[in-house]
Amino acid sequence: MATSLRDLFPLSVSSVDDVYDAKIVEKQTNRYQQLKDTFVNRFGAAPDFYARSPGRVNIIGEHVDYSGYSVLPMAIDRDVVIAVSLNKPGDNKIVVANVESEKYPDVEFEHNTSTVVDIDSTVLQWSNYFKGAYKAVFEKIDPNTFQPFRAVVDGSVPAGAGVSSSAAFVCAASLAVSTANSARLTNGDLIATAIKGEHYMGVQCGGMDQSISVMANSGNALLIHFYPALSADPIRFPVPPSDPSNTPVFVIANTLVVADKHKTAPTNYNLRVVETRLASALLAKHLGISDLPIGSSDVFTLRMVQDRFVEKEIEAGHLAAEYRDVTGKEQTVLAKLEAVVDAALHKEDYTLEEIAGILGISVDAIKEKYIGKIVIKADAFKLWKRAKHVFSESRRVFAFRDVCELKAPYSGNLLKDLGALMTESQDSCRDFFECSCPEIDELTTLARSLPGCYGSRLTGAGWGGCTVSLVAESHVDEFVKAVTEQYLFAKYQNLKDADAATLGDIVFASKPASGAMVVRF
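A quick note: this is a predicted structure, and the numbers were derived from the prediction, not measured.

Engineer: Go over the sheet that holds strand β12 (residues 507-510), please, and point to the residues and values.
Structural biologist: With antiparallel pairing, four strands are arranged side by side in an open sheet as β10-β11-β9-β12. At either margin of the open sheet sits one strand with a lone partner, and together these are β10 (453-459) and β12. Strand-to-strand twist of the sheet, defined as the mean angle between neighbouring strand axes without regard to direction, takes the value 25 degrees. Of the pairings in the sheet, the one linking strand β9 (residues 248-254) to strand β11 (residues 466-472) comprises seven bridges and is antiparallel in character. Along β11, the bridge assignment pairs V251 with S469. This element, helix α15 (residues 476-491), spans β9, β10, β11 and β12 of the sheet and lies at about 20 degrees to β9.

Engineer: Break down helix α13 (residues 414-431) for me, citing the residues and quoting the values.
Structural biologist: Compared with an ideal rise of 1.5 Å per residue, which puts 18 residues at 26 Å, α13 spans 26 Å between its outermost C-alpha atoms and is within 8% of the ideal. Buried within α13 we find L414, L415, D417, L418, G419, L421, M422, T423, S425, Q426, S428 and C429. Those residues of α13 that are buried lie in contact with β2 (49-60), β9, α12 (383-404), α14 (438-449), β10 and β11.

Engineer: Residues and numbers for the packing of α12 against α13, please.
Structural biologist: Where α12 meets α13, the axes come as close as 10 Å, and the angle between the chain directions of the two elements is 165 degrees. When the interaxial angle is binned, α12 and α13 end up roughly antiparallel. Crossing of α12 over α13 shows left-handed handedness. Contact with α12, carried on its side by K385, H389, S392, E393, R396, A399, F400, V403 and C404, involves L414, D417, L418, L421, M422, E424, S425, S428, C429 and D431 of α13 and no other residues of that element.

Engineer: Describe unusual backbone geometry, with residues and values.
Structural biologist: Note that the residue after Y227, namely P228, is joined by a cis bond; omega there is 0 degrees. Mapped onto the elements of the fold, P228 is located in the loop between β7 (220-225) and β8 (231-236). Along the chain, A408 connects to P409 via a cis peptide bond; the corresponding omega equals 15 degrees. Within the fold, P409 resides in the loop between α12 and α13. Despite not being glycine, S182 shows a phi value in the positive range, around 55 degrees. Mapping S182 onto the fold places it in the loop between α3 (165-180) and α4 (187-200). Despite not being glycine, L256 has its phi angle at roughly 70 degrees, a positive value.

Engineer: Tell me about the sheet that holds strand β4 (residues 93-98), and name the residues and values.
Structural biologist: The strand order across the open sheet formed by seven strands is β1-β13-β2-β3-β6-β4-β5, and the pairing between neighbours is mixed. Here the strands that pair on one side only, and so sit at the sheet edges, are β1 (11-13) and β5 (107-110). Mean inter-strand twist for the sheet, computed between neighbouring axes without regard to direction, equals 25 degrees. Relative to strand β6 (residues 149-155), β4 is paired through four bridges, and the arrangement is parallel. Looking across to β6, one finds that A97 is bridged to V152. Along the sheet, helix α2 (residues 127-137) contacts β3 (72-86), β4, β5 and β6; its crossing angle with β5, the most-contacted strand, is approximately 25 degrees. The strands touched by helix α5 (residues 208-215) within the sheet are β2 and β3, with β2 carrying the most contacts at an inclination of about 125 degrees.

Engineer: Help me get a handle on the environment of I224, residues and values and all.
Structural biologist: Here I224 shows up in strand β7. Note on I224: relative accessible area 0%, which makes it buried. Each C-alpha atom of the pair I224 and P73 lies 7.8 Å from the other, and the pair is 151 residues apart in sequence.

Engineer: Before we move on, can you summarise the state of the cysteines with the specific residues and values?
Structural biologist: Applying the stated rule across the entire model yields zero disulfides. The thiol of C453 is unpaired, and the distance to the nearest cysteine sulfur, on C466, comes to 15 Å. Residue classification places C453 among the buried residues on the basis of a relative accessible area of 11%. The thiol sulfur of C466 is not disulfide-bonded, and the nearest other cysteine sulfur, from C437, lies at 11 Å.

Engineer: Got a sec to walk through α5? Specific residues and values, please.
Structural biologist: The buried fraction of α5 amounts to seven of the eight residues, a majority that puts the element mostly inside the structure. Taken together, the buried residues of α5 touch β2, β3, α3, α4, β7 and β8.

Engineer: Can you break down the packing of helix α8 (residues 302-315) against helix α9 (residues 330-344) residue by residue, with the values?
Structural biologist: The geometry of α8 relative to α9 is characterised by a closest axis approach of 11 Å and an angle of 95 degrees between their N-to-C directions. Regarding the angle of α8 to α9, the classification is roughly perpendicular. Residues Q306, F309, V310 and E313 of α8 form the contact with α9, whose own contacting residues are V333, L334, K336, L337 and V340. For the contact of α8 with α9, the per-class residue count stands at six nonpolar, one polar and two charged.

Rules behind the numbers
Residues numbered from 1 in each chain as written. Predicted model: local features only at pLDDT ≥ 70, side-chain atom pairs only at ≥ 80, totals over all residues. Heavy atoms only, no water. Pairing = 2+ DSSP bridges. Helix = DSSP H or I, 4+ residues; strand = E, 2+ residues; numbered from the N terminus. Axes fitted to C-alpha atoms, helices over the stretch in contact; angles between N-to-C directions. Contact = heavy atoms within 4.5 Å. Expected span 1.5 Å × (residues − 1). Buried < 20%, exposed > 50% of the residue type's maximum accessible area, 1.4 Å probe, protein only. Parallel < 35°, antiparallel > 145°, perpendicular 65-115°, else oblique. Left-handed = near helix turned anticlockwise from the far one by under 90°. Disulfide = S-S within 2.5 Å. Nonpolar A, V, L, I, M, F, W, Y, C, P; charged D, E, K, R; others polar.

From the geometry alone we can't say anything about function, so treat these as descriptive.
This is the structure in structure tokens:
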């Protein structure tokens, strides 16, 4: 059973030592002092508290969440910190400033007991993220009782790098607003408000980014489950007792390739969603198990196929009854489903007409049930490849967990085993899900060739964006230097003149970091 991290509360601490890894405490102490100085210069008094929440990187489990399967992200040590002071009675203005005041101008608004705050999601303003969180918090607490405040935002999560800077901001803002109003929200409540806050911005998000940002704790990744409900298990990386210098560290590197998601979605992301749905339908047909009826408000997923498959295997005597609770036995079940894919689906592309013929329904019914309002542009559907990726990638997620628990397929070499799973994930993303790109392939190949690197893969949706590499701690500095010189400088000549801060936003290392916290000095 997944640990009920959702029912816990965000920690409140009295020192940055309780928030960050020892190696960056001095840097963070200076950062908080600079934030305090900025706050004092802007408002004439010191902040009462700081609310912070981190960005994240998905270590393994790509493009499986919308099929109902679990993912394994970790928080990074880059975060959003918001300094807050409560207003004196009679001052009802909420003022939100940013340390980068020229780029992000101040915003002022007053609390409205009816609408709380008005947000125009058609206008792209940085402050809308804060307003979205503010509005969402007051859906959890009484909007008639409120505490105005002043805030200054400082973010170190690189924007547009695929490490969830927006989720970190909204989570930190939700924590700041709830703390200012003496509302003690659980992790689960805070996640819900952050998700709703992004929805107010017009961003439809599923919950992984907010969950890891809020619930993470130092040294742990999280195995996040979406089915049957959102929950999480902490995953700790064992420190090699014989050589602590081989502690795993994850290095995030941005290819600087940006995929225009709005333009490419019909042939990339959206199409993959539809292909996994169609694969689910054909597998169900092959196995003789029930699909959802046309008109159902739910979406039939590969994870639902698994449940029905397990039940059928139990009834046939091929699996023991204990498999009704698949926890700890996921690798076995998913390996069986990979074999089913080979038996049920051909490797050649499918057409909608062929799929309709197999299912015994019309093409229009296919479009209504499995595509709906999703915009796609395709005449051919690669169902074998997509199903193979989802089941094998999901198996790798649970294998990653089991290796961290020193269970099979653990061989005695933690970094080698974890790195191999990450490399297999990249190969599957490239060959089966086809969501890589030449630059990602180049960067992951380079990373794996460098000393101390055990595995490398894309992270995020793919088709550009970032890679994540598993590197022994003793090799991190030379690894970052080599990637910077052999990839960034070779491909982007203008970066040779960039300052350290700019380069540090493109390639940087992190251990699994802490989740959302309130800091009071």
